[in-house]
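Letter by letter, the chains look like this.
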Amino acid sequence: MFDTPAPATADRMLAAQRHAADQLGLRATGSQVWGYQGRTLSAAAGPHWLRVVCAKAGTKGDTLWDGPSTSRTLPTSVPRPDLLRIRDWTTQTYAYRAELYSFAPDPIVSRRPVLDEDPELPETWWKEMTAALEALANVPPPTDREAVREKYLRRVIPEFTGHHVDAVTWTTAHGDLHYGNITRGPHILDWEGWGRAPYGYDAATLYIYALLSPKAATRIRTRLAPVLDRPEARTGLLTVCAQVLQAQDRTDFYTELAGPVREHLTLL
C-alpha cells in the first residue's frame, strides 16, 4: 500500500523475507506489499500470506509488535486470515518477526487508506462488515492495549476540532480500519493496533475516510447508521476528524481530506 522504501531498507527487508521463507519452507512469489517506511513487507507465499515486520533492536516488545498474535483471542466471527505460525530472530541492529497467515487476502478495497471513488460494495458486504464490527465491539475493552489513549483524545479533539469531550464510552476496536486494510471478502487485515478505543471509532474511520467521494460517504453513513447515530459515537467521530487534521497540519498527509473533514465538523 505504501511506496517502496529507500534502497538500503528495501534490500534489508527483502533479505529478511527470504530468510523467513526459508525458515518456513516457503517461497514468497507474490507482489511486494510495503508498510509505512518499509517497516513491514508482505507477499503471497504459495497458498499462504507471509508478513515480515521489523523494529530496532530492543524496542520490539510494544503493542504494535504483539498486536497480530494477541488478536488471535478475538472472536472468529470477526473475519480475518488465521495467523498460523510465527518466527522471531534478531540481528545486532534489528529484530524481525515473520507471520504466516492461512491464505493470501482477496483484493483490498483500495490501494489508499482514503477512498477516491465509490467502491460499490454490495449489500452483503456491508451486512458482514457491520456484524464484524458489532462482534468486535462486544469484546470487553482490554486493559493492556489502547488503540486510542484517553489523554490523547482529550488533547487533540479540542485542539483540532474546537469541540469538547464529555464522558467516553470505551469499546474494543481494530484501530486502523481504513480501506487498505479491508478486502472485498470482506476480511479485516493488519491487527497491529487493535485495542481500547472510543465507541464507534472503527465505523467513524470508514465514514470519514470516504468523504472525498460524496456518493460513497452517503452510502456508508447510511449503512453504519446503527453505530454512528448513537450519541456515544460522537467521540469516535471527533477523534478520527482530529487525527486527520493533526496529520495534515504536521505532515501534509490527508491534505485533500482536511477540507471535507472541517465541513463535516459543523454537523457534529
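Visitor: Before we go on, may I ask you to explain the packing of helix 8 (residues 234–251) against helix 9 (residues 255–265) in this structure?
Guide: Packed helices, taken two at a time, are described by the angle between their axes plus the distance between the axes. Packing of helix 8 against helix 9 brings their axes to within 9 Å, and their N-to-C directions diverge by 140°. Classed by the angle they form, the pair helix 8 and helix 9 counts as oblique. Along this stretch, helix 8 crosses helix 9, giving a crossing that reads as left-handed. Where helix 8 abuts helix 9, its residues Leu238, Cys241, Val244, Leu245 and Gln248 lie against Thr255, Leu257, Ala258, Val261, Arg262, His264 and Leu265. Looking at the contact of helix 8 with helix 9 residue by residue, the class counts come to eight nonpolar, three polar and one charged.

Visitor: Any chance you could explain the packing of aromatic side chains here in plain terms?
Guide: Think of a pair of aromatic rings as described by two things: how far the centres are apart, and how the planes are tilted against each other in angle. Within this structure, the stated rule accounts for four aromatic pairs. Taking the centre distance of 6.2 Å and the plane angle of 45° together, the rings of tyrosine 94 and tyrosine 96 count as tilted. Exposure class is identical for tyrosine 94 and tyrosine 96. Each is buried. Taking the centre distance of 4.8 Å and the plane angle of 75° together, the rings of tryptophan 125 and tryptophan 126 count as edge-to-face. Neither residue differs from the other here; tryptophan 125 and tryptophan 126 are each classed as buried. Ring pairing ties together the aromatic residues Trp89, Tyr94 and Tyr96, which thus form one cluster. Sitting over the face of the ring of tyrosine 94, arginine 12 holds its NZ or CZ atom 3.7 Å from the ring centroid. Residue placement shows arginine 196 over the ring face of tryptophan 170; its charged tip is 3.8 Å from the ring centre.

Visitor: What's the story with the packing of helix 5 (residues 201–208) against helix 8 in this structure? I'm lost.
Guide: For the pair helix 5 and helix 8, interaxial distance at closest approach is 8 Å and the crossing angle is 50°. Put simply, helix 5 runs oblique to helix 8. For helix 5 against helix 8, the interelement crossing comes out right-handed. In this structure, helix 5 contributes Tyr201, Ala204, Thr205, Tyr207 and Ile208 to the contact, and helix 8 contributes Gly236, Leu237, Thr239, Val240, Cys241, Gln243 and Val244. Of the residues contributing to the contact of helix 5 with helix 8, the split by class is eight nonpolar, four polar and no charged.

Visitor: Help me out: how do you make sense of the nonpolar core in this one?
Guide: The nonpolar side chains of a soluble globular protein tend to be buried with one another. Counting 61 residues, the largest nonpolar core has Tyr179, Ile182, Ile208, Tyr209 and Ile220 as the members making the most contacts within it. Listed in part, the 18 residues of the second largest apolar core include Trp34, Leu50, Cys54 and Leu100.

Visitor: When you look at a nonpolar patch on the surface in this model, what are you seeing that I'm missing?
Guide: Together, Phe2, Tyr36 and Phe253 make up an exposed nonpolar region whose accessible area comes to about 310 Å². Of note, phenylalanine 253 is situated in the loop between helix 8 and helix 9. Residue phenylalanine 253 is classed as partly exposed on the basis of its relative accessible area, which comes to 40%.

Visitor: Honestly, unusual backbone geometry in this entry has me stumped. Any pointers?
Guide: Comment: phi is negative for the bulk of residues other than glycine, and the bulk of peptide bonds are trans. A cis amide bond links glycine 185 to the next residue, proline 186, at an omega of 0°. Topologically, proline 186 is positioned in the loop between strand 6 (170–173) and strand 7 (195–198). For glutamine 37, which is not glycine, the phi torsion reads 55° and is therefore positive. Mapped onto the elements of the fold, glutamine 37 is located in the loop between strand 1 (33–34) and strand 2 (40–45). Judged by its relative accessible area of 59%, glutamine 37 is exposed. At glutamate 120, a position not held by glycine, the phi torsion is positive, near 55°. Assignment of secondary structure puts glutamate 120 in the loop between strand 5 (94–101) and helix 3 (123–137). With relative accessibility at 54%, the residue glutamate 120 sits in the exposed group.

Procedures and definitions
Residues numbered from 1 in each chain as written. Predicted model: local features only at pLDDT ≥ 70, side-chain atom pairs only at ≥ 80, totals over all residues. Heavy atoms only, no water. Axes fitted to C-alpha atoms, helices over the stretch in contact; angles between N-to-C directions. Helix = DSSP H or I, 4+ residues; strand = E, 2+ residues; numbered from the N terminus. Parallel < 35°, antiparallel > 145°, perpendicular 65-115°, else oblique. Left-handed = near helix turned anticlockwise from the far one by under 90°. Contact = heavy atoms within 4.5 Å. Nonpolar A, V, L, I, M, F, W, Y, C, P; charged D, E, K, R; others polar. Phe/Tyr/Trp six-rings, centres within 6.5 Å; stacked < 30°, edge-to-face > 60°. Buried < 20%, exposed > 50% of the residue type's maximum accessible area, 1.4 Å probe, protein only. Lys NZ or Arg CZ within 6 Å of the ring centre and 35° of its normal. Core = buried A, V, L, I, M, F, W, Y, C linked by side-chain atoms within 4.5 Å. Patch = residues over 30% accessible without salt bridge, like charges linked within 9 Å, V, L, I, M, F, W, Y side chains within 5 Å. Areas by Shrake-Rupley, 256 points an atom, 1.4 Å probe, with all protein chains shown as cover. Salt bridge = Lys/Arg side-chain N within 4 Å of Asp/Glu carboxyl O.

From the geometry alone we can't say anything about function, so treat these as descriptive.
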